[in-house]
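Understanding the architecture of this molecule
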Amino acid sequence: MADFENSVSERMRADWNQRAREDAHYYVAFGGRDQDESEFLATAADVLRSLEAQLKRLPAGANRRAWRALEIGCGPGRLVKPMSRHFGEIHGVDVSDEMILLARERLVDIPHAHFHATNGASLGQFADDSFEFVYSYAVFQHIPSRDVVLEYMREIARVLKPGGVFHGQFNGLAHQGDTNTWSGVVFSADDIRVFTRHNGLQLLNLDGEHTQYMWTTWARAARQPTLTAPATGESPPPAIRRITNAYTGEPLIPQRGRHAALSLWINHLPADCDLNNLEVLADGEPGVPIYVGPADSEGLQQVNAWLPEGVRTGLVPVELRRDGYRLCPTALARIIPSGPLVPRIVSVTDGINLVEKNATRTGLLKAQIEEVSSPELVSATVDEQPVAHLDILRTDPRPPRHELNLELPPGLSSGDHTLRIQVGPRRHLSANIVVRS
């Protein structure tokens, strides 16, 4: 196994060193070629918000200058730079020596940021219980070995301090073909559930199942304080105070689609509750729990779950269970009929330079479409000419969302053109595009 891991690491190091030398910004941010510093750092905005939102899980009122953080797969420091403001010490590791050199140059003026080239699997340079916060984005999806990713996952559990939090992204979208250092292994939601359960980690977030960007949050249980006096009385029982739509905050929840998830707002949720021991039942049928939040200013915690398929509309009883036992009294959710699917184009970009909106320099286009239930009926033309090649990939089952990868018809001139996406015999979607030389 050691020889195999070393072989994988050497392949990853060689490939990512080459990518770093060629155009590190492009391969890290999946955007345009030759991005300048401000453009490159701006590509991290959405990921940064996701990471910073998890910091509220760490102890309130703590001395943040004493906190330590670790990024796995830090690349040239795109995320470490803004995240460094939250910690007294922050570390980044990467298998690529070239990426580490770029990161050190970028953050030379931030003395509490430290970068380390690694063997691509182990965190052996760090002691047990080292970090309050560990995170990773767009890294595990490029690793061609499940054993290597699992070793990283075990190392995360080891280096987290009691009470520490990991927030990271895995590819949950199955793909065909051999794995390599770009299209690496995939992990299912069940893989994450099993790993956290068997390694003593609380699973607090698991969203984006069956997508390339499946995010998960784990916490290592905090050590219980030593009691110096007997406890006085029992904790108040948990209670559901209200139920809302998980995505809009409104009291109405559609029975299917992208917003078919509810939030239970709960008082006195036991500290050991997580996605591995909680069940949410709507009208007696199990939903899919996806999120357990920290307590808010009112002491309420949020538990989100997708509704079960085929749930009826109207006032529906919702029950919260832990390990099969009812945790609190049943509450009512108002489930409403979902509207019809309305196909639409979400975005059109160059097929390679994703920052090129509604334009292409490469002769390739990438289009995101939503609410198309029959992708086998999709075809595409540019100025009424059939595209030279069309691949369709479902990227999210909920809206549902599909990605179309198109090759323009041969001989198309530079300038303005019309992309038309046909959905069956009656409906078409269109977008204006620019072909650039």
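Our subject is the structure listed above.
The text that follows walks through the structure, step by step, so that each part is easy to find. (Residues numbered from 1 in each chain as written. Predicted model: local features only at pLDDT ≥ 70, side-chain atom pairs only at ≥ 80, totals over all residues. Heavy atoms only, no water.)

A few words now on the state of the cysteines. Summed over all chains, the structure comprises zero disulfides. Residue C273 stays outside any disulfide, its sulfur separated by 9.2 Å from that of C328, the closest cysteine. A residue is classified by how much of its surface remains accessible, and C328, at 4% relative accessible area, is buried. (Disulfide = S-S within 2.5 Å. Buried < 20%, exposed > 50% of the residue type's maximum accessible area, 1.4 Å probe, protein only.)

This part is about the sheet that holds strand β25 (residues 415-423). Strand order in this open sheet of five strands is β19-β26-β25-β21-β22, and the pairing throughout is mixed. The open sheet has two free edges, formed respectively by β19 (359-360) and β22 (385-386), since each of these has just one partner strand. Note: strand β21 (residues 378-382) against β22, two bridges, orientation antiparallel. Bridge pairing in β22 links T381 to P386. (Pairing = 2+ DSSP bridges. Helix = DSSP H or I, 4+ residues; strand = E, 2+ residues; numbered from the N terminus.)

Our focus in this paragraph is the packing of helix α6 (residues 146-159) against helix α7 (residues 189-198). Between two packed helices, the angle of one axis relative to the other and the distance separating the axes together describe the packing. Interhelical geometry of α6 versus α7 gives an angle of 40 degrees and a closest axis separation of 11 Å. Classified by the interaxial angle, the pair formed by α6 and α7 is oblique. Here α6 runs over α7; the crossing is right-handed. Contact with α6, carried on its side by R146, L150, M153 and R154, involves D191, I192 and F195 of α7 and no other residues of that element. (Axes fitted to C-alpha atoms, helices over the stretch in contact; angles between N-to-C directions. Parallel < 35°, antiparallel > 145°, perpendicular 65-115°, else oblique. Left-handed = near helix turned anticlockwise from the far one by under 90°. Contact = heavy atoms within 4.5 Å.)

We now examine empty space enclosed by the protein. Within the structure shown, the criterion is met by one cavity of 30 Å³ or more. Approximately 350 Å³ is the volume attributed to the largest cavity. Lining the largest cavity are 24 residues, with G73, G75, D94, A138 and V139 sitting closest to its centre. Of all the elements in the fold, those that place two or more residues in the lining of the largest cavity are α1 (2-29) and β1 (68-72). Residue composition of the lining of the largest cavity, grouped by class: 16 nonpolar, five polar and three charged. (1 Å grid on protein atoms, 1.4 Å probe; cavity = no way out; pocket = protein on both sides within 12 Å on 5 of 7 lines; lining within 4 Å. Points joined across faces, edges and corners; volume = space filled by probe spheres on them. Nonpolar A, V, L, I, M, F, W, Y, C, P; charged D, E, K, R; others polar.)

Roughly 690 Å³ of volume is contained in the second largest pocket. As for the second largest pocket, its lining consists of 27 residues, and the residues nearest its centre are R57, Q202, A219, A222 and A271. Mapped onto the lining of the second largest pocket, the elements with two or more residues apiece are β5 (160-170), β6 (201-207) and β7 (214-220). Broken down by element, the lining of the second largest pocket gets its largest block of residues, five residues, from β5. Its residues assigned to classes, the lining of the second largest pocket shows 15 nonpolar, six polar and six charged.

A full pass over the atoms with the stated rule returns 28 salt bridges. For D190, the salt bridge identified is with R193, shortest N-O distance 2.7 Å. Separated by three residues within a single helix, D190 and R193 lie in helix α7, roughly one turn from each other. (Salt bridge = Lys/Arg side-chain N within 4 Å of Asp/Glu carboxyl O.)

Turning next to the environment of Q169. Within the secondary structure, Q169 is located in strand β5. Each C-alpha atom of the pair Q169 and L206 lies 9.7 Å from the other, and the pair is 37 residues apart in sequence. In terms of polar contacts, Q169 uses its side chain to reach the side chain of Q141, at 2.6 Å. (Polar contact = N/O pair within 3.5 Å; in protein donor to acceptor, adjacent residues only side chain to side chain.)

This brings us to the sheet that holds strand β24 (residues 401-407). A sheet is described by the order of its strands in space; here four strands give the open sequence β18-β20-β24-β23, paired in antiparallel fashion. Looking at which strands have only one partner, the edges of the open sheet turn out to be β18 (344-350) and β23 (389-396). Going across the sheet, the axis of each strand differs from the next one's by a mean of 20 degrees, ignoring polarity. Bridge count for β18 against strand β20 (residues 364-370) is six bridges, and the pairing is antiparallel. Pairing of D350 across the sheet is with L365, part of β20.

Within the structure shown, the criterion is met by 16 aromatic pairs. Taken together, the ring pairs in this structure connect F140, Y152, F166, F170, F187, F195 and W218 into an aromatic cluster. In this structure, R19 packs its charged tip against the face of W16, placed 4.6 Å from the ring centre. The ring of Y26 carries the charged tip of R33 above its face, separated from the ring centre by 3.9 Å. (Phe/Tyr/Trp six-rings, centres within 6.5 Å; stacked < 30°, edge-to-face > 60°. Lys NZ or Arg CZ within 6 Å of the ring centre and 35° of its normal.)

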